[in-house]
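Tertiary structure, described
If you want the building blocks of each chain, they are given just below.
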Amino acid sequence: MSDETVLVTGCSSGIGRATAELFAEEEWVVYATSRDEGDLAALAEAGCETAALDVTDAEEIERVVDRVLDEQGRLDCLVNNAGYAQYGPLEDVPADQLHRQFEVNVYGPHRLARAVLPHLREAGDGTIVNVSSVQGRIATPGAGAYSGSKFALEAMSDALRGEVEGFGVDVVLVEPGPVETNFTERSLEELAEGLDRRENVYGWLYDAIEDASVLSGSSPLAVAPREVAAVIHEAAETTDPHARYPVGPAARYLLLTRFLPDGLRDFAFRLVRRVA
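Calculation rules
- Residues numbered from 1 in each chain as written.
- Predicted model: local features only at pLDDT ≥ 70, side-chain atom pairs only at ≥ 80, totals over all residues.
- Heavy atoms only, no water.
- Helix = DSSP H or I, 4+ residues; strand = E, 2+ residues; numbered from the N terminus.
- Rg over C-alpha atoms; globule rule 2.2 N^0.38 Å.
- Buried < 20%, exposed > 50% of the residue type's maximum accessible area, 1.4 Å probe, protein only.
- Contact = heavy atoms within 4.5 Å.
- Areas by Shrake-Rupley, 256 points an atom, 1.4 Å probe, with all protein chains shown as cover.
- Lys, Arg positive; Asp, Glu negative; His and termini not counted.
- Charge placed at Lys NZ, Arg CZ, Asp CG, Glu CD.
- Salt bridge = Lys/Arg side-chain N within 4 Å of Asp/Glu carboxyl O.
- Axes fitted to C-alpha atoms, helices over the stretch in contact; angles between N-to-C directions.
- Parallel < 35°, antiparallel > 145°, perpendicular 65-115°, else oblique.
- Left-handed = near helix turned anticlockwise from the far one by under 90°.
- Pairing = 2+ DSSP bridges.
- 1 Å grid on protein atoms, 1.4 Å probe; cavity = no way out; pocket = protein on both sides within 12 Å on 5 of 7 lines; lining within 4 Å.
- Points joined across faces, edges and corners; volume = space filled by probe spheres on them.
- Nonpolar A, V, L, I, M, F, W, Y, C, P; charged D, E, K, R; others polar.
- Arc of directions from axis to C-beta.
- Right-handed = clockwise from strand over helix to strand, strands pointing away.

Things to note about the overall build of the chain
Secondary structure assignment for the chain yields 10 helices and seven strands. Relative to the compact-globule value of 19 Å for 276 residues, the chain shows a C-alpha radius of gyration of 19 Å, a close match. Dimensions of the chain, computed from C-alpha atoms along their principal axes, come out at roughly 60 × 35 × 35 Å. With 276 residues in all, the chain has 46% of them scored as buried. In the chain, the share of contacts with a sequence separation of at least 24, taken over all contacts with a separation of at least 6, comes to 70%. Element-wise, carbon and sulfur atoms account for 50% of the exposed surface of the chain, whose accessible area totals about 13,200 Å². Side-chain charges in the chain split into 23 positive and 48 negative, and the spacing between the mean points of these groups amounts to 8 Å.

Written as structure tokens, this is what we have:
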């Protein structure tokens, strides 16, 4: 019987790469994936198995999951990490861009969960870790598309947890705040390339998004990808994981704002607009 096995998506950099490295150090059999397998050379050298995997491609998902099961005879943990952020005023986000956001951040994890669940149920054990975000519980102007996808992932995870608990399968949400990665750089690329700015009426919001994106990864409250990876590993190792793991002080502080009256949060957003 082989060692415990984990399949991780979105391993080209950041949280996914750190997660694959940490699991490998802990002597798990790691299948690290990304859209371009060439981005995984360092992980292969570190002892990970690697594969190209686009989470929007059902055939690729089936191929990779079948490979894991054929080679190892088991799969103990799925880490749904692949994702990106589409920021921008919702009026300026075309429907095809909104669909793409959900295609990757929501339908991708759903496809993978469906692919691995028959094996996990049969084994009577296993963990699905869905990497969400603090923005999956707090929506702010300019983040409607991204937050919408993460809110959906949170809701589906909560539902799935209750559906599969009786089979010995755990479903866990990991909710980072700001992280020291290049995630924000890609977000700004999406902001520049993917939107339809029909009228120049949201200048204050674009400025706020760009300022917040530049500051998030370098914020004193930002955490290293390794810290998020450690939480993911803990969730996979424990026999009774929490439903949610906020990661970092910013995540914990921001989540407290959920308990403020809606009117007070809206007032804060009006202040941001006036200052901008």
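That was the structure; now back to the text.
A closer look at the pattern of salt bridges
Considering all chains together, one arrives at 10 salt bridges under this definition. Here Arg74 ties to Asp76 by a salt bridge, and the two come within 2.7 Å at their closest N and O atoms. On the accessibility criterion, Arg74 (19% relative accessible area) is buried. Measuring nitrogen to oxygen at the nearest pair gives 2.8 Å for the salt bridge that ties Arg244 to Asp158. One end of the pair, Arg244, is in strand S7 (residues 244-247); the other, Asp158, is in helix H5 (residues 144-164), with 86 residues separating them in the sequence. What makes Arg244 partly exposed here is its relative accessible area of 23%. Note on Asp158: relative accessible area 31%, which makes it partly exposed.

Let's talk about the packing of helix H3 (residues 58-72) against helix H4 (residues 95-123)
For the pair H3 and H4, the least separation of the axes is 10 Å and the interaxial angle reads 30°. Of the possible angle classes, the one that applies to H3 and H4 is roughly parallel. The chirality of how H3 crosses H4 is right-handed. The segment H3 lies against H4, with Ala58, Ile61, Val65 and Leu69 engaging Arg111, Leu112, Ala115, Val116 and His119.

What about the environment of Gly248?
Among the structural elements, Gly248 can be located in the loop between S7 and helix H9 (249-256). It is 19 Å that separates the C-alpha atoms of Gly248 and Phe259, two residues lying 11 residues apart in sequence.

Considering the sheet that holds S7
If you trace the seven strands from one edge of the open sheet to the other, you get S3-S2-S1-S4-S5-S6-S7, paired in parallel fashion. At either end of the open sheet lies a strand with only one pairing partner, and these are strand S3 (49-52) and S7. Pairs of neighbouring strands in the sheet enclose a mean axial angle of 15°, with direction left out of account. Running at roughly 155° to strand S6 (residues 169-176), H5 makes contact with strand S5 (126-131), S6 and S7 of the sheet. Most of the contacts of H9 go to S7, to which it runs at about 115°, and overall it touches S6 and S7.

Observations regarding the side chain of Glu103
Within the secondary structure layout, Glu103 lies in helix H4. In this structure, Glu103 is in contact with Thr56, Gly108 and Arg111, ignoring residues within four places of it in sequence.

Comments concerning unusual backbone geometry
Phi is positive for Glu27, which is not a glycine, with a value near 70°. For Glu27, the location among the structural elements is in the loop between helix H1 (14-25) and strand S2 (29-34).

Regarding the layout of surface pockets
In this model, the second largest pocket occupies a volume close to 180 Å³. Lining the second largest pocket we find 13 residues, and of these Pro109, His110, Ala113, Met156 and Leu160 sit closest to its centre. Those elements giving two or more residues to the lining of the second largest pocket turn out to be H4 and H5. Counted by class, the lining of the second largest pocket contains eight nonpolar, three polar and two charged residues.

Things to note about H9
Residues of H9 that are buried: Ala250, Ala251 and Leu255. Take H9 and look down its axis: the buried residues cluster within an arc of 130°, on one side only. H9 presents Tyr253 and Leu256 as exposed residues on the side facing more than 90 degrees away from its buried surface. Where H9 is buried, its residues contact S6 and S7.

Remarks on the pairing of strand S4 (residues 77-80)
Covered by surrounding structure in S4 are Cys77 and Val79 together with Leu78 and Asn80, the residues of both alternating faces. Where strand S1 (residues 5-8) and S4 come together, three bridges link them in parallel fashion. Counted as the bridge partner of Leu7 is Leu78 from S4. One ladder, built from four bridges, connects S4 with S5; its direction is parallel. Counterpart to Asn80 in the pairing with S5 is Asn130. A crossover links S4 with its parallel partner S5, the connecting element being H4, and its sense is right-handed.

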